[in-house]
Amino acid sequence: MACTTSCCTSHSTHLSPKYRKALWIALGLNITLFFIEIVMGVKSGSVSLLSDSLDFFGDSANYVISLIVLPMALSYRAKASLLKGATMGGFGLFILITTLYRWAYGELPNHSEMSVVGVLALFANLTALWVLYHFRDGDSNMKSVWICSRNDAIGNIAVILAGIAVYFTQSKYPDLIVAFVLALLALQGAREIIAKALMELKG
């Protein structure tokens, strides 16, 4: 049976050399920022920065899986999306628990390091969004890549704002509130990815 126009378009798009190249660029940016943010997150004592570093790590794994399953059938790509959705949800729960712990026992983070690294991370994510923009629609695998990159950019802006708020209020709570929002974003993104993957597996 002939496929529909949207189905054929999705099939040809996910096999496009341009899409593969975009994934490699996004992967390189995310791995680099993961190492930078995890070091600076620990150094500055920022939960939101640390949570963003783990998000970069999760996205790097997301891009690697996406590159592996690109030539595979839709059912395999959907199953990979289920794995990525579950991983994103696990990440969201981890950040949520960490935030609650730091709410009780955390110290004031370094606002200047938060803001500087946040700006650097935002630049990297905007670059990734730019190269992935034309591939934001498609199967659950392509959708998961776009959602992760979009959530990263939103998270970076939130980290920058948290750093500014910490500076003016001299309080740890702006950092913790942003970390809480990032956790909710991860959980929401996981729900969207899993829901679409399950629809694809059902036919």
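Residues numbered from 1 in each chain as written. Predicted model: local features only at pLDDT ≥ 70, side-chain atom pairs only at ≥ 80, totals over all residues. Heavy atoms only, no water.

Draft legend 1. Quick peek at the nonpolar core. Of all hydrophobic cores here, the largest spans 19 residues; its most connected members are Y19, L23, Y63, L132 and V145. When residues of this core are traced back to their parent elements, those giving at least two are α2 (17–44), α3 (47–69), α5 (111–132) and α6 (140–169). Among residues more than four places away in sequence, those in contact with L132 are Y19, A22, L23, A26, Y63, V145, W146 and S149. Residues L176, A183, A186 and A190 belong to the second largest nonpolar core, which totals 12 residues. (Core = buried A, V, L, I, M, F, W, Y, C linked by side-chain atoms within 4.5 Å. Buried < 20%, exposed > 50% of the residue type's maximum accessible area, 1.4 Å probe, protein only. Helix = DSSP H or I, 4+ residues; strand = E, 2+ residues; numbered from the N terminus. Contact = heavy atoms within 4.5 Å.)

Draft legend 2. Structural view of the side chain of S60. Structurally, the position occupied by S60 is in helix α3. For S60, a relative accessible area of 7% gives the class buried. Within the local environment of S60, its side chain forms a polar contact with the backbone nitrogen of I31, the two atoms lying 3.3 Å apart. Looking at S60, its side chain comes within polar contact range of the main-chain oxygen of F56, at 2.9 Å. Once you skip the residues sitting within four places of it in the chain, S60 turns out to touch L27, N30 and I31. (Polar contact = N/O pair within 3.5 Å; in protein donor to acceptor, adjacent residues only side chain to side chain.)

Draft legend 3. Structural detail: unusual backbone geometry. Despite not being glycine, Q170 shows a phi value in the positive range, around 50°. One can find Q170 in the loop between α6 and α7 (173–201).

Draft legend 4. View of the UniProt feature "transmembrane region" (unreviewed entry) in the protein chain. Within the UniProt annotation, "transmembrane region" (unreviewed entry) is assigned to residues 22–40, 60–78, 85–104, 116–133, 153–170 and 176–194. Along residues 85–104 the backbone is 100% helical and 0% strand, and the end-to-end C-alpha distance reaches 29 Å. Helix makes up 100% of residues 176–194 and strand 0%, with an end-to-end C-alpha separation of 27 Å. (UniProt positions renumbered as here; feature names shortened; annotations may be inferred.)

Draft legend 5. View of the packing of α2 against α3. For the pair α2 and α3, interaxial distance at closest approach is 7 Å and the crossing angle is 155°. What the angle tells us is that α2 and α3 run roughly antiparallel. Note that α2 runs across α3; the crossing there is left-handed. When grouped by side-chain class, the residues that make up the contact of α2 with α3 number 17 nonpolar, 6 polar and 4 charged. (Axes fitted to C-alpha atoms, helices over the stretch in contact; angles between N-to-C directions. Parallel < 35°, antiparallel > 145°, perpendicular 65-115°, else oblique. Left-handed = near helix turned anticlockwise from the far one by under 90°. Nonpolar A, V, L, I, M, F, W, Y, C, P; charged D, E, K, R; others polar.)

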